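Survey of secondary and tertiary structure
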Amino acid sequence: MPAGLLMFLTEEEIDIEGVGGVACSSLGHIKGDLLIDISNGAFIHHLYSASEFFKQILVLKCAEKCIMELNRWINKRTGAFDWSHISAYCKVTEGNSDQCEGNDTMLKKAIAEILKCDFNKKNLAEPKVLPPADCVITAWLLALLSKDKYDYKMYFRKFVQLLKPEGNLILVGSFNATYIMIGQDKLHSFKYDESFIRKVLSNEGFIIDHWAIQKKTSLSNLCDYEAIYVLTAHRKK
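The residue numbers shown here count from 1 along each chain, following its written sequence. Given that the model is predicted, a residue must reach a pLDDT of at least 70 before its local features are reported, and side-chain atom pairs must reach 80 or more before they are shown or counted; all residues, however, enter totals for whole chains, interfaces and linings. Side-chain figures throughout are based on the complete set of non-hydrogen atoms in the structure, without hydrogens or water.

1. Details of the overall build of the protein
Each helix and strand in the protein was counted, giving seven helices and nine strands. Exposed residues in this analysis have more than 50% of their type's maximum accessible area, buried residues have under 20%, and partly exposed residues fall in between, with area computed by a 1.4 Å probe over protein chains only. Across the 237 residues of the protein, 51% fall into the buried class. Method for areas: the Shrake-Rupley scheme with a 1.4 Å probe, in which residue coverage is limited to the protein chains shown. Split by element, the accessible area of the protein, about 11200 Å² in all, is 53% carbon and sulfur. Each helix is a run of H or I in the DSSP string that is no shorter than four residues. Each strand is a run of E no shorter than two, and both are numbered from the N terminus.

2. Section: the packing of aromatic side chains
Pairing of aromatic side chains here covers Phe, Tyr and the six-membered ring of Trp, requires ring centres within 6.5 Å, and sorts the geometry by plane angle: under 30 degrees stacked, over 60 edge-to-face, intermediate tilted. Using the criterion set out here, one finds 13 aromatic pairs in the structure. Look at F175 and W211: their rings are 5.9 Å apart centre to centre, the planes differ by 40 degrees, and that puts the pair in the tilted class. Here the residue F175 occupies a position in strand β5 (residues 163-175), and W211 occupies one in strand β8 (residues 206-215), the gap between them amounting to 36 residues. Neither residue differs from the other here; F175 and W211 are each classed as buried. When the centroid spacing of 5.4 Å and the interplanar angle of 75 degrees are considered together, the rings of F190 and F196 count as edge-to-face. With respect to class, F190 is no different from F196; both count as buried.

3. Observations concerning the environment of F43
Summarising the element assignment, F43 is placed in the loop between β1 (32-38) and β2 (54-61). With 26 residues separating them along the chain, F43 and E69 place their C-alpha atoms 9.0 Å apart.

4. Regarding the side chain of K61
Checked against the element boundaries, K61 lands in strand β2. Positive residues here are Lys and Arg, negative ones are Asp and Glu, while His and the chain termini are left out of the count. By definition, a salt bridge exists where a carboxyl oxygen of Asp or Glu is found within 4 Å of a side-chain nitrogen of Lys or Arg. An unpaired buried charge is present at K61: no salt bridge exists, and D37, the closest side chain of opposite charge, is 4.2 Å distant. Ignoring sequence-local partners within four residues, the contact set of K61 consists of D37, S39, N40, G41, F43, C66, I67, L70, L115, K116 and C117. The contact criterion used throughout is that any non-hydrogen atoms of two residues lie within 4.5 Å.

5. Considerations on the packing of helix α6 (residues 149-160) against helix α7 (residues 194-203)
The convention used is that axes are lines fitted to C-alpha atoms, helices contributing only their stretch in contact, and that angles between N-to-C directions extend from 0 to 180 degrees. The contact between α6 and α7 brings their axes to 11 Å, and the two run at 40 degrees. One finds that α6 runs oblique with respect to α7. Seen along the crossing, α6 lies across α7 with a hand that is right-handed. Residues K149, Y152, K153 and F156 of α6 form the contact with α7, whose participating residues are F196, I197, V200 and L201. If an angle is under 35 degrees, it is roughly parallel; if it is over 145, roughly antiparallel; if it lies from 65 to 115, roughly perpendicular; otherwise it is oblique. Rotating anticlockwise by less than a right angle from the far helix to the near helix defines a left-handed crossing, while the corresponding clockwise rotation defines a right-handed one.

6. Examining the pairing of strand β4 (residues 133-139)
Among the seven residues that make up β4, seven are buried, leaving the element largely enclosed by the rest of the structure. The sheet contact formed by β1 and β4 spans three bridges and is parallel. Paired with I36 across the strands is V136, a residue of β4. Note: β4 against β5, six bridges, orientation parallel. Residue pairing for β5: A133 is matched across the bridge by L163. A pair of strands is treated as paired once DSSP finds two or more bridges between them.

7. A short note on the pattern of salt bridges
Considering all chains together, one arrives at nine salt bridges under this definition. Ionic pairing is found between R72 and E69, a salt bridge with its closest N-O pair at 3.6 Å. Within this pair, R72 and its partner E69 are both found in helix α2 (residues 64-74), separated by three residues, close to a single helical turn. Its salt-bridge partner being R198, residue E194 comes within 3.0 Å of it at the nearest N-O pair.

8. Quick word on unusual backbone geometry
Trans peptide bonds make up the majority, and among non-glycine residues the majority have a negative phi. With an omega dihedral of 10 degrees, the bond running from E126 to P127 counts as a cis peptide bond. Backbone geometry at W140 places phi at a positive 70 degrees, although glycine is not the residue there. With respect to the helices, strands and loops of the structure, W140 is situated in the loop between β4 and α5 (141-145). A residue is classified by how much of its surface remains accessible, and W140, at 13% relative accessible area, is buried.

9. Looking at the nonpolar core
Formed by 38 residues in total, the largest nonpolar core has its most connected members in I36, I38, Y152 and I197. Of the residues forming this core, the biggest block, five residues, is contributed by α6. Not counting residues up to four positions away in its chain, the partners in contact with I36 are L58, L60, L130, P131, A133, C135, V136, I137 and L162. As used in this record, nonpolar core signifies buried Ala, Val, Leu, Ile, Met, Phe, Trp, Tyr and Cys residues forming a set joined through side-chain atoms within 4.5 Å. With 32 residues, the next largest nonpolar core counts F54, L107, V172 and I180 among its residues.

Written out as structure tokens, the structure reads:
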């Protein structure tokens, strides 16, 4: 995983795990057989809570390097990134600090496959045909893929096609971010606010169940966002 992203996660994302825990574990209705995750980078911190509520998790990644890094972690290969600090954080916040190692094992067992994803194709996981998911989650990816609001809406529509009609959506993102630094590379991020996301969800038939927002607290220049959010939503019946 690029050093810049690891620094960003170290400075900011350890707190959002608590917010993600609210989204996944405090809302008991978000559970089922299958969760599909399509998120940026090779990180999996947002899946620790979810692994307790879904029998299987399918992870889709746009980059081969991310797939390689996650397989290295699952198989405990040399050089794999150590996520034990996130696992421990999850269990401490849940009052189960003595079960940290089991939390890590549970997530690895829950991940059924790690697949290549291509948003330029109608079937994102082509040639694999994915079963409809009880829940889909994406963290930061859509904004990094999108040049403008039209791109974001198109990619969002493709993403939620993976969901069962009665399924749930978990969306993690940053308000008013224009870039993120990955090493020496400055990556563009589509800038949007809370009003935009509400309109996208409403137009696609989703009702928001929960918001959790964390304002930026660090002085880091790795990303110029104003706040990180986690939301959960379901489709109108």
